[in-house]
Amino acid sequence: MPRLPRKTIFDDFDGSRNIYCRKEDLANEASVETFFVSRMLKDLGYKDSQIKPKTSIQALIVSKGGRKTEKYKPDYALTVKGIVRCIIDAKATNENPQDWTPQCSGYCLTLNQKYPADKNPARYFILSNGLKTFAYKWDSGTPVLSLAFSDFEWGNAKYEQFK
């Protein structure tokens, strides 16, 4: 798989781009999916067969709080041997990704409930608006890792931890 080009000393280091895209290219959810998340997944080494886009993911009923529920499916699911290990939801740059934590956690819970109690195959979920990216354990409302747009650079400690 070809790697994305590395920055050189001749590149602009003003924070207007990272290894995936330029900030100005991120405007809505679709651009975050296309220019940021899909490139991130390739860079992290996922094969096409391991990346399930929204069109091939099952919608599940998740809680909206109280007795309210809704059908929901994330933008991507990462699988290992056909079993979902992580879900990813992209948001527009003007949305706070953390507002969607209960929805993603609820999706993971519903997935995990389909397996024996000692197994929880959906281990993580990721929320990103391209400018801010949060990684969570499926059963926690507190991110295990938070990354800014500029953290997605080779050699950056947070990026290396994320990988």
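Residues numbered from 1 in each chain as written. Predicted model: local features only at pLDDT ≥ 70, side-chain atom pairs only at ≥ 80, totals over all residues. Heavy atoms only, no water.

Describing the sheet that holds strand β6 (residues 124–128)
Strand order in the open sheet formed by six strands is β1-β4-β5-β6-β7-β8, with mixed pairing between adjacent strands. With partners counted over all chains shown, the strands left at the sheet margins are β1 (51–53) and β8 (145–148), one partner each. Taking the axes of each pair of neighbouring strands and ignoring which way they run, one obtains an average angle of 20° across the sheet. Here strand β4 (residues 76–80) runs beside strand β5 (residues 83–90); their pairing, made up of five bridges, is antiparallel. Across the sheet, residue Tyr76 finds its bridge partner in β5, namely Ile88. Those strands touched by helix α1 (residues 29–43) are β1, β4, β5, β6 and β7 (132–137), and its axis lies near 140° from that of β5. (Pairing = 2+ DSSP bridges. Helix = DSSP H or I, 4+ residues; strand = E, 2+ residues; numbered from the N terminus. Axes fitted to C-alpha atoms, helices over the stretch in contact; angles between N-to-C directions. Contact = heavy atoms within 4.5 Å.)

With respect to the nonpolar core
Within the largest apolar cluster, 24 residues are counted, with the highest numbers of intra-cluster contacts made by Val37 and Phe152. By residue number, the principal contributor to this core is α1, which donates five residues. Counting 17 residues, the second-largest nonpolar core is a separate cluster that includes Ile57, Cys108, Leu111 and Tyr136. (Core = buried A, V, L, I, M, F, W, Y, C linked by side-chain atoms within 4.5 Å. Buried < 20%, exposed > 50% of the residue type's maximum accessible area, 1.4 Å probe, protein only.)

Remarks on the state of the cysteines
Following the criterion strictly, the structure yields zero disulfides and no others. Between Cys86, a cysteine without a disulfide, and Cys108, which holds the nearest cysteine sulfur, the sulfur-to-sulfur distance is 7.3 Å. On the basis of relative accessible area, Cys86 is assigned to the buried category, the value being 9%. Free of any disulfide, Cys108 has its nearest cysteine sulfur in Cys104, 7.0 Å distant. (Disulfide = S-S within 2.5 Å.)

Structural notes on the pattern of salt bridges
Applying the stated rule across the entire model yields six salt bridges. Residue Asp48 is joined to Lys42 by a salt bridge in which the shortest nitrogen-to-oxygen separation is 1.8 Å. A residue is classified by how much of its surface remains accessible, and Lys42, at 31% relative accessible area, is partly exposed. In this structure, a network of salt bridges that share partners links the residues Arg22, Glu24 and Asp25. (Salt bridge = Lys/Arg side-chain N within 4 Å of Asp/Glu carboxyl O.)

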